[in-house]
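Summary of structural features
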Amino acid sequence: MDKNVDNVCLTPGCIHSASKALEQMDQTVEPCEDMYTYACGRYVKETIVPDEKVSVTTFSVTNDRLQQQLRALVSDEIFESDATPFKLAKNLYKLCMNKTSIEENGNGPLLSILDTLGGWPVLKGDSWDSERSWSWEKSVKDFNNNGYSTDYFFDFSITEDLKNATRRMIDVDQTSLGLAREYLVKGLENPIVSAYYDYMVDMAVILGADQARAKQELLESLNFEMALANISLPREERRNITALYNPITVKEFQQRYPHTEWIEYINALLKGTGTVIDENEVINLAVPKFMEKLGPLLQNTPKRVMANYVMWRISGFSSFFLTEKLRKRQLQYSTAISGKQEQEPRWKECVDIISGRLPIAVGALYIRKHFREDSKRAALDMVNDIKSEFVNILKKINWMDEVTRVSALEKVSTMVNHIGYPDELMDDGKIADYYKDLELKPGSTYLNSILNIAKFDTTMENKRLRLPINKTDWIDHSKPAIVNAFYNSVENSIQFPAGILQGQFFSYDRPKYLNYGAIGYVIGHEITHGFDDQGRQFDKDGNLVDWWQADTKKAYLEKARCIIEQYGNFTEPNVKLNLNGINTQGENIADNGGIKEAYYAYRQWADKNGPEARLPGLDLSPEQLFWLSAAQTWCSVYRPESVKMQITTGAHSPGQFRVLGPMSNMEEFAKDFNCPVGSKMNPVHKCEVW
């Protein structure tokens, strides 16, 4: 029997897709006036954000399903035959779930670490006697040896040499703060900063500090953190990657910034990696002004204030792995900044921690059980289709000169795809070899196990300094259990992990227009990142090279300016905040190009393969269903605190603008829905970069 009576698809996949689409729509709204509410109105009205979440989105719903799948894998019994990394993951999950043991240990694990690191002055009171022996340099080295971050004064990492993608170098950047710079620079009058301060004080008191002392001393350390924020570069000024590339020898670095003995300091951080540097080592200094101002700040700040600050930072981090009392106070702080009302169920938190800390082991368990090979092939076909549409766009645009065009076309044609997972994840031997230096000692506490893994990760990262760069190295592409997608400008590669090739994004048994609208939009988005305001600064080999002729660059910047202004004029209705058009421009440029490439690719596919059957119960053409699927990918409900934070600090526009912006800029959308010129979704003035 023909399942496509009157060209309506009646397969289970189509009926299921139609019912899901209808559940989210508000068909009383005119798509030409507000495509987002037409596609997502009912979803927005009827979705309640659970107490333990800050938002509900297509991504979070897909992630919930992924968490259930991972839970079954990591909570499974440990078999003798399991490869060591799988035993590690299952043991860590057990440690995390064992709240009884965590409560029995109390805050002891952290207090003894603090003591070995010289003590937290606010807890020790007048008996803190490390004034002479304590120094900021020593604290960083000690933190490094214990698995804590080394980035509380300034950031130290190993990165690719941006102008020579065959080698790595040491990168020195501004500090990593405990609260976003955007808030800290506003001072204590800001309610978020004030909530952060109260949180610090209460945490110290729970750990044994006297309250009056904690209030006074931690105010001084917060002032120090605000000073660090004030000498840091704002996000808007960090988009120009060329300005953050300032190679310098350690010898010059020493002369310019005599804050400490740099050779000795760096070698201490590289201890255990087999690498030693000398004064001729070239390092990258991302923000020279920050380093310049850091010297006097370190000199003029009392040791006690700095010690209080960094001990607060490691205590804040550690408390997550400790007692319920500390965690309750942490939740109260989360409520202030993101609106989250409850801790998520313990198993969810443990699944997230295990998959975040041991991504290769957990990823390998996941794909063996849950990934369909045919999804990989179907996704690869779509990537190739969408890439070829981007090539067509590049060939046609009239504002690009021929020299720049040739380089742009080369860049697309050499872009590497990583889809699903690398084959090595099926090889127990390779995974065991990667984790061979990591062991969780029997009887180790949960916190100590987490620090042990962090130390292992840092050593592995630092060991890479002298290793040759292999851009397709499997280890760098082995986090398949994640609902996300990436573009990497240094590799000139796009990555679609197995975790996103499911749910609303992709299904093997539904019409192509739904897949092109959902995962196709995401694929186009990642390809276009290679040509957004940051990606375009890199050439086909991932080198930071200006390959743009002057006139073409000028035309590009004008087109980007149109997007910056358009999105900067969008106001989020619930919190009455305007979007930050500068900070979100990369994502917005990628959205606008991505949806166009996916649409053209679908049209090409339909030309070749003939028109697809429509969905039952929806009087919409295949093209209109493409737009509906694309729009429903971004159905989202946020808590007001969370959307405020996203607008203040985030690189992405909130969901509704990822529909309204790109679709109102596309003639084809207006044509498919017969939108009159001048209607909201078909404005006279449109923006277009790609």
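Thresholds, definitions, all that
- Residues numbered from 1 in each chain as written.
- Predicted model: local features only at pLDDT ≥ 70, side-chain atom pairs only at ≥ 80, totals over all residues.
- Heavy atoms only, no water.
- Pairing = 2+ DSSP bridges.
- Helix = DSSP H or I, 4+ residues; strand = E, 2+ residues; numbered from the N terminus.
- Core = buried A, V, L, I, M, F, W, Y, C linked by side-chain atoms within 4.5 Å.
- Buried < 20%, exposed > 50% of the residue type's maximum accessible area, 1.4 Å probe, protein only.
- Contact = heavy atoms within 4.5 Å.
- Axes fitted to C-alpha atoms, helices over the stretch in contact; angles between N-to-C directions.
- Salt bridge = Lys/Arg side-chain N within 4 Å of Asp/Glu carboxyl O.
- Expected span 1.5 Å × (residues − 1).
- Parallel < 35°, antiparallel > 145°, perpendicular 65-115°, else oblique.
- Nonpolar A, V, L, I, M, F, W, Y, C, P; charged D, E, K, R; others polar.
- Phe/Tyr/Trp six-rings, centres within 6.5 Å; stacked < 30°, edge-to-face > 60°.
- Disulfide = S-S within 2.5 Å.
- 1 Å grid on protein atoms, 1.4 Å probe; cavity = no way out; pocket = protein on both sides within 12 Å on 5 of 7 lines; lining within 4 Å.
- Points joined across faces, edges and corners; volume = space filled by probe spheres on them.

1. Considering the pairing of strand β5 (residues 282-285)
- Bridge count between strand β3 (residues 168-173) and β5: 3 bridges; the pairing is parallel. Each residue of the ladder has a partner; that of D171, found in β5, is N284.
- Note: strand β4 (residues 247-249) against β5, 3 bridges, orientation antiparallel. Looking at the pairing, T249 lines up with V282 of β5.

2. What about the nonpolar core?
- Counting 216 residues, the largest nonpolar core has M35 and W690 as the members making the most contacts within it.
- Broken down by element, this core gets its largest block of residues, 10 residues, from helix α10 (residues 191-206).
- Not counting residues within four places of it along the chain, the set of residues in contact with W690 comprises F390, I393, L394, I397, W399, M400, T528, F531, W548, Y556, I589 and K596.
- If you look at the next biggest cluster of nonpolar residues, it comprises 7 residues, including L162, M169, I241 and F538.

3. Some thoughts on the sheet that holds strand β2 (residues 155-160)
- Across the sheet, 4 strands lie side by side as β2-β3-β5-β4; this open sheet has mixed pairing. Single-partner strands in this sheet number two, and they are β2 and β4. For this sheet, the mean angle separating the axes of adjacent strands, direction not counted, is 40 degrees.
- Judged from the 6 bridges that link them, β2 and β3 form a sheet pairing that is antiparallel. Bridged to E160 within β3 is R168.

4. Observations regarding the pattern of salt bridges
- Per the counting criterion, the structure on display carries 36 salt bridges.
- Residues R372 and D374 are paired through a salt bridge, measuring 2.9 Å at the closest nitrogen-oxygen approach.
- The exposure class assigned to D374 is buried, which follows from its relative accessible area of 18%.
- With its nearest N and O atoms 2.7 Å apart, the salt bridge here joins D476 to R464. In this pair, D476 is assigned in the loop between α22 (446-463) and β7 (486-488) and R464 in the loop between α22 and β7, connecting sequence segments 12 residues apart.
- Owing to a relative accessible area of 15%, R464 belongs among the buried residues under this scheme.

5. Details of helix α3 (residues 58-74)
- Across its 17 residues, α3 extends 24 Å between first and last C-alpha, which sits within 8% of the 24 Å expected from 1.5 Å per residue.
- Turning to α3, its buried residues are T58, S60, T62, L66, Q67, Q69, L70, L73 and V74.

6. Focus: the packing of helix α6 (residues 108-116) against α22
- The interhelical angle for the contact between α6 and α22, taken along N-to-C directions, is 55 degrees, at an axis separation of 8 Å. With respect to their mutual orientation, α6 and α22 come out oblique. Residue-level inspection shows P109, L110 and I113 of α6 in contact with α22, the latter providing L447, N448 and L451.
- Looking at side-chain class alone, the contact of α6 with α22 contains 5 nonpolar, 1 polar and no charged residues.

7. Comments concerning the packing of aromatic side chains
- One pass over the full model with this rule turns up 50 aromatic pairs.
- The interplanar angle of 85 degrees and the centroid separation of 5.8 Å between the aromatic rings of Y434 and F456 together place this pair among those described as edge-to-face. A residue pair is termed long-range when its members are at least 10 positions apart, and Y434 in helix α21 (residues 428-434) and F456 in helix α22 qualify at 22 residues. F456 shares its class with Y434; the two are buried.
- When the ring of Y513 is compared with that of Y602, the centres are 6.2 Å apart and the planes differ by 85 degrees; the resulting orientation is edge-to-face. With Y513 in helix α23 (residues 512-517) and Y602 in helix α26 (residues 585-609), this residue pair connects regions lying 89 residues apart in the sequence.

8. A look at the state of the cysteines
- This structure, assessed with the given rule, holds 5 disulfides.
- One disulfide bridge connects C32 with C675, the sulfur atoms lying 2.1 Å from each other. Between C32 and C675, the S-S dihedral sits near -85 degrees, and the bridge is therefore left-handed. Of this pair, C32 sits in the loop between α1 (12-24) and α2 (35-46) while C675 is found in the segment after α30 (667-672), placing the two residues 643 residues apart along the sequence.

9. Some remarks on helix α15 (residues 303-318)
- Over its 16 residues, α15 extends 22 Å from the first C-alpha to the last, a length consistent with the 22 Å expected when each residue adds 1.5 Å.
- Along α15, 14 of the 16 residues are buried, which leaves the element largely enclosed by surrounding structure.

10. Side note on the side chain of S338
- Mapping S338 onto the fold places it in helix α16 (residues 324-338).
- According to the relative accessible area criterion, S338 is buried, its value standing at 9%.
- If we skip the residues at most four places from it in the chain, S338 touches V54, R639, E641, S642 and M645.

11. Some details on empty space enclosed by the protein
- Enumeration according to the criterion identifies 4 cavities of 30 Å³ or more in this entry.
- Of the voids in this model, the largest cavity is the one considered here, and its volume is about 80 Å³.
- Lining the largest cavity we find I563, I589, N592, G593, K596, P662, N665, M666, C687, E688, V689 and W690.
- It is α26 that contributes the most residues to the lining of the largest cavity, 4 residues altogether.
- Across the lining of the largest cavity, the residue classes tally to 7 nonpolar, 3 polar and 2 charged.
- Within this model, the second largest cavity holds a volume of roughly 50 Å³.
- Around the second largest cavity, the lining residues are I102, N105, G106, P109, F321, L322, T445, Y446 and L447.

12. Points about the layout of surface pockets
- One number sums up the size of the second largest pocket: a volume of about 550 Å³.
- Forming the walls of the second largest pocket are 27 residues, and the residues nearest its centre are R65, Q502, G503, F506 and S507.
- Within the residue set of the lining of the second largest pocket, elements represented by two or more residues are α1, α3, α18 (359-370) and α27 (622-632).
- When residues of the lining of the second largest pocket are assigned to their parent elements, the largest contribution, 6 residues, is made by α1.
- Here the residues of the lining of the second largest pocket are counted per class, giving 9 nonpolar, 13 polar and 5 charged.

13. Examining unusual backbone geometry
- For K576, which is not glycine, the phi dihedral falls at a positive 55 degrees.
- Position of K576 relative to the elements: it lies in the loop between β9 (571-572) and β10 (577-578).
- For N674, which is not a glycine, the phi torsion comes out positive at approximately 50 degrees.
- Mapped onto the elements of the fold, N674 is located in the segment after α30.

14. A few points about the sheet that holds strand β8 (residues 493-497)
- Read across the open sheet, the 3 strands follow the order β6-β8-β7; overall the sheet is mixed. Only two strands of the sheet have a single neighbouring strand rather than two, namely β6 (416-420) and β7. Averaged over all pairs of adjacent strands, the angle between their axes in this sheet comes to 15 degrees, without regard to strand direction.
- Helix-sheet contacts for helix α24 (residues 519-529) involve β7 and β8, and the interaxial angle to β8 is about 150 degrees.

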